[in-house]
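Okay, here's what each chain looks like letter by letter:
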Amino acid sequence: MHQKLPPFSAIIIVMIVLSSCKQNTADNNNLPVSMDDSSRVIIDRAIAYAGGYDAWQQKKTLSFDKKSISYDSAGNVVRELDQHLDYMMMPEFRAKVTYKLHDTAITMVHDGQKARKYYNDKISNEQKDIDGAWNSSFGSQFVMCMPFKLKDPGIKAEYVGQMTLADSVLAQVVKTSYIKGAGSNPDHIWYYYFEPGTGKLLANSLNGKDNYWDYTRYEKFENANGLLLPSVRRGYTADTLNKPGKMISESRHFNIAFDKALPEDHFKIKDGK
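Presented here is a report on the structure given in the accompanying data block. (Residues numbered from 1 in each chain as written. Predicted model: local features only at pLDDT ≥ 70, side-chain atom pairs only at ≥ 80, totals over all residues. Heavy atoms only, no water.)

**With respect to the overall build of the protein**
- In terms of helices and strands, the protein carries 4 helices and 14 strands.
- Counting only residues that meet the buried cut, the protein has 49% of its 273 residues in that class.
- For the protein, long-range pairs separated by at least 24 residues make up 53% of all intrachain contacts whose partners lie at least 6 apart in sequence.
- Summed over its atoms, the accessible surface of the protein is roughly 13,300 Å², and 48% of this surface lies on carbon and sulfur atoms. (Helix = DSSP H or I, 4+ residues; strand = E, 2+ residues; numbered from the N terminus. Buried < 20%, exposed > 50% of the residue type's maximum accessible area, 1.4 Å probe, protein only. Contact = heavy atoms within 4.5 Å. Areas by Shrake-Rupley, 256 points an atom, 1.4 Å probe, with all protein chains shown as cover.)

**A look at the pattern of salt bridges**
- This model, assessed by the stated rule, comprises 12 salt bridges.
- The partner of glutamate 80 in a salt bridge is lysine 67, and the shortest N-O contact between them spans 3.6 Å. On the criterion of sequence distance, the pair formed by glutamate 80 in strand β3 (residues 77–88) and lysine 67 in strand β2 (residues 61–71) is long-range, its members being 13 residues apart.
- One salt bridge connects lysine 149 with aspartate 152, and the closest N-O pair in it is separated by 2.9 Å. An identical accessibility class is assigned to lysine 149 and aspartate 152; each is buried. (Salt bridge = Lys/Arg side-chain N within 4 Å of Asp/Glu carboxyl O.)

**Here we look at the nonpolar core**
- One finds Trp56, Leu62, Tyr87, Tyr192, Phe194, Leu229 and Phe258 to be the most contacted residues of the largest nonpolar core, which totals 46 residues.
- Ignoring any residue separated from it by four or fewer positions in sequence, one finds leucine 229 in contact with Trp56, Leu62, Met144, Cys145, Phe148, Lys220, Phe221, Glu222, Ile256 and Phe258.
- Core analysis: the next-biggest nonpolar cluster, separate from the first, contains 12 residues, Leu165, Trp213, Tyr215 and Tyr236 among them. (Core = buried A, V, L, I, M, F, W, Y, C linked by side-chain atoms within 4.5 Å.)

**With respect to the packing of aromatic side chains**
- Following the criterion strictly, the structure yields 13 aromatic pairs and no others.
- With centroids separated by 4.2 Å and ring planes inclined at 15°, the aromatic side chains of phenylalanine 93 and phenylalanine 138 adopt a geometry described as stacked. A residue pair is termed long-range when its members are at least 10 positions apart, and phenylalanine 93 in the loop between β3 and β4 (94–101) and phenylalanine 138 in helix α4 (residues 127–144) qualify at 45 residues. In this structure, phenylalanine 93 and phenylalanine 138 share a single accessibility class: buried.
- Between the aromatic rings of tyrosine 218 and phenylalanine 221, the centroid separation amounts to 6.2 Å while the plane-to-plane angle is 10°, which identifies the pairing as stacked.
- Relative accessible area serves as the criterion here: at 23%, phenylalanine 221 is assigned to the partly exposed category.
- Grouping aromatic residues by their ring pairs yields a cluster made of Phe64, Tyr87, Phe93, Trp134 and Phe138. (Phe/Tyr/Trp six-rings, centres within 6.5 Å; stacked < 30°, edge-to-face > 60°.)

**Digging into unusual backbone geometry**
- Here the residue pair methionine 90 and proline 91 is connected by a cis peptide bond, since its omega of 5° sits within 30 degrees of zero.
- Residue methionine 146 is joined to proline 147 through a cis peptide bond whose omega torsion reads 5°.
- Checked against the element boundaries, proline 147 lands in the loop between α4 and β8 (155–164).
- A positive phi angle, near 60°, is found at histidine 102, a position not held by glycine.
- Checked against the element boundaries, histidine 102 lands in the loop between β4 and β5 (104–110).
- Since its relative accessible area comes to 55%, histidine 102 is described here as exposed.
- One non-glycine residue, asparagine 242, lies in the positive phi region at around 55°.
- For asparagine 242, the location among the structural elements is in the loop between β13 (227–238) and β14 (244–258).
- Overall, asparagine 242 belongs to the buried group, its relative accessible area being 17%.

**Quick look at the side chain of glutamine 83**
- Note that glutamine 83 resides in strand β3.
- Taking the relative accessible area as the measure of exposure, glutamine 83 reaches 12% and is therefore buried.
- Apart from residues lying up to four places away in sequence, glutamine 83 is in contact with Phe64, Asp65, Lys66, Val97, Thr98 and Tyr99.

Following this line, the structure appears as structure tokens:
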């Protein structure tokens, strides 16, 4: 199987990760949440469908395995990546991501203040690796923890209206962005599609810089301790709102567990030899 990711698919995946990351600082917790009445009702309904915000806020850690699959324009698998991810969500954000690429063991750690990347237990001080560890730590959690993240401090939400998805399913659409200081990509705007009545999250579109678009469909959810989290997500090319093109990626999440016992130094950044 080819391991090299086609340039186009690589750009898509990188943009999804970077667009998702949020800087988690103490000041961010005091940022306002701005929603019109319709978007607030829809987001609250979606969170209730997924298990409720009160239950979500009681979770301290989240762990899961992730398989990422990339496809070429003909639909052939060109890359597969298996990762394990651990997150501390309360009382502060911390993250650890581990995987193997070819013969290299890679670890990314965010200790709540800084992030670092390791290659075979050797720490990298290259800025691109520091940035990559920071962005990946936040990005993977952001997409995994939908729709609960839609109540994060600094979010702006606006109801767009109803649209019919490609599979003829009717959806209510909410447009979201983040105020200055809440996100690292102010140019990015997200559109979330919800099932009327139930509030189930169906899909999202991302509109980024230079009129970039992509589309993600939430295919399956897994019940983990009473909360529904995405277990299968499929990514598509797009050139505008609600217009998916070819499927280029798939993310599968499994072994999802909350409040798993983790070593005391699990999120500590250590000097690697």
